[in-house]
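Tertiary structure, described
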Amino acid sequence: MLKILLLSASAALLAPCAWSAAPTEDTALTIYSSARPGGVPAEYYRPQPGQGAPSASGVPGYAMVRQERNVQLSAGRTQLQFTDVAALIDPTTVTFTSLTEPDARVLEQNFQFDLVSTDKLLLKYIDKPVTVERSGTAGGNVTGTLISSADGLVLRGTDGSITALRDYSALRFPDLPGGLISRPTLQWDIAATRGGEHRARVTYQTGGVTWWADYNLLYQDGKDPGSGFVDLSSWVSIINQSGASYPDAKLKLIAGDVHRTPVPQRVVMDRIQTMAAKADAGFEEQAFDEFHLYTLGRRTSLPNNSTKQIELFDQARRVPAQRLLVFAANPGFFGGPVPYEGRDSQPTGNTKVNTYLQLRNDKASGLGVPLPAGRVRVSRLDPADNSLEFIGEDVIDHTPRDERVRVRLGSAFDVVGERKQLNFSSDSKARWMEEEIEVELRNHKDQAVEVQVRETLFRWNNWKILSSSQPYTKEDANTIAAAVKVAANGSATLRYRVRYTW
């Protein structure tokens with residue numbers, strides 16, 4: 001392991017900032033997220049060994065940080081340093097306010113981020129004396145003027161001799177060069193009329209912080225086929241790769257799609273009311289502007305390079321749920337700006353019948369709370385040994401109260417579908433087409449099932465169903481759906497004829 005030793009240091013650079021003791025500090029974070037819930041594991045956001053903090057785009061989210069500390073200011077102008085800020089801070093969003101003297105003004109602000117590292121020290125010490133501690137059997141120290149640090153070290157001794165080193169265990173530098181700092185630092189030139197201790201508030205926006213929700217559902221069968229109940233628990237996953245730690249902080253989360261301009265603008269959050277906190281209080285939800293705000297009722301710590309999980313809501317028990325089987329052989333396809341007159345139908349190779357779990361997010365069901373976007377994992381109890389078995393997962397978008405939640409679990413093993421074109425005729429001059437489609441469902445289970453067949457009428461937007469072997473509903477301008485019952489170890493068929501005109 002390489003050791004870097006500074007024999008002395010510049011007092012101006014390493015002197016502590018003019019802040020009072022840590023207990024007087026108060027930190028609050030409001031975290032915004034644009035992360036795809038569950039889409040990328042936390043390991044993706046961790047910097048690799050030897051690398052610095054990730055870029056702001058590496059973690060799809062950001063936070064507004066508010067810190068209050070006591071500071072000593074002189075009457076007149078004071079040079080004040082603020083360390084322990086996030087490495088991914090956006091300096092254009094920084095505000096400094098003296099709560100003691102609101103008229104105190106920041107005349108100039110600098111953000112110093114040229115952090116000390118082995119490579120930077122070596123570059124700064126070209127043509128300057130250093131001491132190198134040899135490794136291995138050679139041992140001993142070599143002192144000389146550093147003339148190159150490319151592909152090893154090259155030193156010139158006092159007698160003019162040249163020494164090239166590739167293997168060494170430590171470097172000794174006489175001082176920390178100017179311009180290099182050990183931590184990202186904000187520096188202000190402040191004009192104040194009152195000298196002495198001030199209570200200061202600093203706010204800024206930083207990248208490298210994100211959050212999303214994770215939901216765990218435990219499904220149990222009900223008395224009726226296809227119906228049951230779920231126990232729902234929810235957690236918040238917070239990733240902090242901002243380059244700073246936030247001990248004992250007040251935490252708020254914003255759920256919703258907040259628009260940001262390419263150049264981040266300062267967001268003022270001071271008008272959010274602070275809620276009374278209890279030692280064991282969880283998140284409290286409230287509407288805020290066009291979004292939803294989740295305030296943690298207790299303080300928490302978010303170390304740098306960490307992932308933390310906090311319970312979002314109390315567990316909801318026995319929420320009514322419905323199992324659905326859906327066969328969609330040509331989902332979401334539409335022909336285009338002109339009628340599609342090709343004789344071939346859309347691909348018929350899909351035989352998968354998808355299985356879903358559906359529930360209502362309302363008070364009558366035991367929920368009725370705004371659900372932030374997140375990943376939903378569903379498990380089921382195996383009665384043979386009372387163990388939980390995973391049966392599927394999906395991602396949901398932000399879901400308001402009183403809306404439906406539908407989770408795709410996968411594809412049915414014993415139920416398959418097949419779609420084929422039986423007849424097709426058209427007359428381009430008369431501007432019409434007719435097509436007959438057959439959808440066959442085969443059930444290899446020992447109990448009957450109901451499958452929802454969804455058909456996209458893709459050829460043109462002006463259509464009429466001439467005949468159908470099953471009752472159907474029109475879901476939208478280009479989709480029909482039919483609920484088809486299939487007997488145990490049996491099959492059933494949906495056959496319909498559609499006419500397009502233009």
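What counts, and where the lines are drawn
Residues numbered from 1 in each chain as written. Predicted model: local features only at pLDDT ≥ 70, side-chain atom pairs only at ≥ 80, totals over all residues. Heavy atoms only, no water. Helix = DSSP H or I, 4+ residues; strand = E, 2+ residues; numbered from the N terminus. Buried < 20%, exposed > 50% of the residue type's maximum accessible area, 1.4 Å probe, protein only. Contact = heavy atoms within 4.5 Å. Areas by Shrake-Rupley, 256 points an atom, 1.4 Å probe, with all protein chains shown as cover. pLDDT = per-residue confidence, 0-100. Core = buried A, V, L, I, M, F, W, Y, C linked by side-chain atoms within 4.5 Å. Phe/Tyr/Trp six-rings, centres within 6.5 Å; stacked < 30°, edge-to-face > 60°. Lys NZ or Arg CZ within 6 Å of the ring centre and 35° of its normal. Polar contact = N/O pair within 3.5 Å; in protein donor to acceptor, adjacent residues only side chain to side chain. Salt bridge = Lys/Arg side-chain N within 4 Å of Asp/Glu carboxyl O. Pairing = 2+ DSSP bridges. Axes fitted to C-alpha atoms, helices over the stretch in contact; angles between N-to-C directions.

1. Thoughts on the overall build of the protein
Along the protein, the regular secondary structure elements total 2 helices and 30 strands. Out of the 502 residues belonging to the protein, those deemed buried represent 43%. Put simply, of all contacts in the protein between residues at least 6 apart along the chain, 76% involve residues at least 24 apart. Of the roughly 26000 Å² of accessible surface on the protein, a fraction of 49% belongs to carbon and sulfur atoms.

2. Considering the confidence of the model for the protein
Of all residues in the protein, 80% attain a pLDDT of 70 or more, and the chain-wide mean is 82. This model gives residues 6-23 a pLDDT under 50, and the stretch forms 37 contacts once residues within four places in sequence are excluded. Per-residue pLDDT stays below 50 along residues 262-279; that stretch engages in 33 contacts with residues further than four places along the chain or on separate chains.

3. Considering the nonpolar core
The biggest cluster of nonpolar side chains holds 58 residues, and the ones touching the most others in it are Ile31 and Leu251. Excluding residues that lie within four positions of it along the chain, Leu251 makes contacts with Leu29, Ile31, Ile238, Phe283, Tyr294, Thr295, Leu296, Thr300, Leu302 and Ile310. One finds Leu325, Val353, Ala412 and Leu494 within the second-largest nonpolar core, a separate group that totals 27 residues.

4. Comments concerning the packing of aromatic side chains
Taken as a whole and judged by the stated rule, the model has 6 aromatic pairs. Between the aromatic rings of Phe96 and Trp188, the centroid separation amounts to 5.0 Å while the plane-to-plane angle is 45°, which identifies the pairing as tilted. Within this pair, whereas Phe96 is found in strand E5 (residues 89-98), its partner Trp188 is found in strand E12 (residues 185-192), the two being separated by 92 residues in sequence. The class for Phe96 is buried, based on a relative accessible area of 11%. The rings of Phe82, Phe96 and Trp188 are connected pair by pair, giving a single aromatic cluster. Residue placement shows Arg318 over the ring face of Phe229; its charged tip is 3.9 Å from the ring centre.

5. Thoughts on the side chain of Thr399
Note that Thr399 resides in the loop between strand E23 (387-396) and strand E24 (403-427). For Thr399, a relative accessible area of 10% corresponds to the buried category. Looking at Thr399, its side chain comes within polar contact range of the main-chain oxygen of Asp397, at 2.8 Å. Residues contacting Thr399, with those up to four places away along its chain left out, are Asn361, Val369, Pro370, Leu371, Arg404 and Val405.

6. Focus on the pattern of salt bridges
Across all of its chains, the model carries 24 salt bridges by this definition. For Glu418, the salt bridge is made with Arg442, and the minimal N-O distance between the two is 3.1 Å. Of this pair, Glu418 sits in strand E24 while Arg442 sits in strand E25 (residues 432-443), and the two are 24 residues apart along the sequence. Residue classification places Arg442 among the partly exposed residues on the basis of a relative accessible area of 25%. Residues participating in the shared-partner salt-bridge network are Asp214, Arg375, Arg377 and Glu393.

7. Section: the sheet that holds E12
Strand order across the open sheet formed by 3 strands is E4-E12-E6, with antiparallel pairing between neighbours. Edge positions in the open sheet fall to strand E4 (76-82) and strand E6 (105-112), since each of these has one partner strand only. The mean angle between the axes of side-by-side strands here comes to 15°, regardless of whether they run parallel or antiparallel.

8. Some thoughts on the environment of Val326
With respect to the helices, strands and loops of the structure, Val326 is situated in strand E20 (residues 306-327). Note: C-alpha distance between Val326 and Gly417 (91 residues apart in sequence) is 9.6 Å. When sequence neighbours within four positions are dropped, the list of residues in contact with Val326 reads Lys352, Val353, Asn354, Tyr356, Val451, Gln452 and Arg454.

9. A short note on the environment of Pro91
With respect to the helices and strands, Pro91 occurs in strand E5. Judged by its relative accessible area of 31%, Pro91 falls in the partly exposed class.

10. As for the side chain of Asp231
Within the secondary structure layout, Asp231 lies in strand E15 (residues 227-240). Looking at Asp231, its side chain comes within polar contact range of the main-chain nitrogen of Arg318, at 2.8 Å. Residues in contact with Asp231, not counting those within four places in the same chain, are Asn216, Leu217, Leu218, Gln220, Gln315, Ala316, Arg317 and Arg318.

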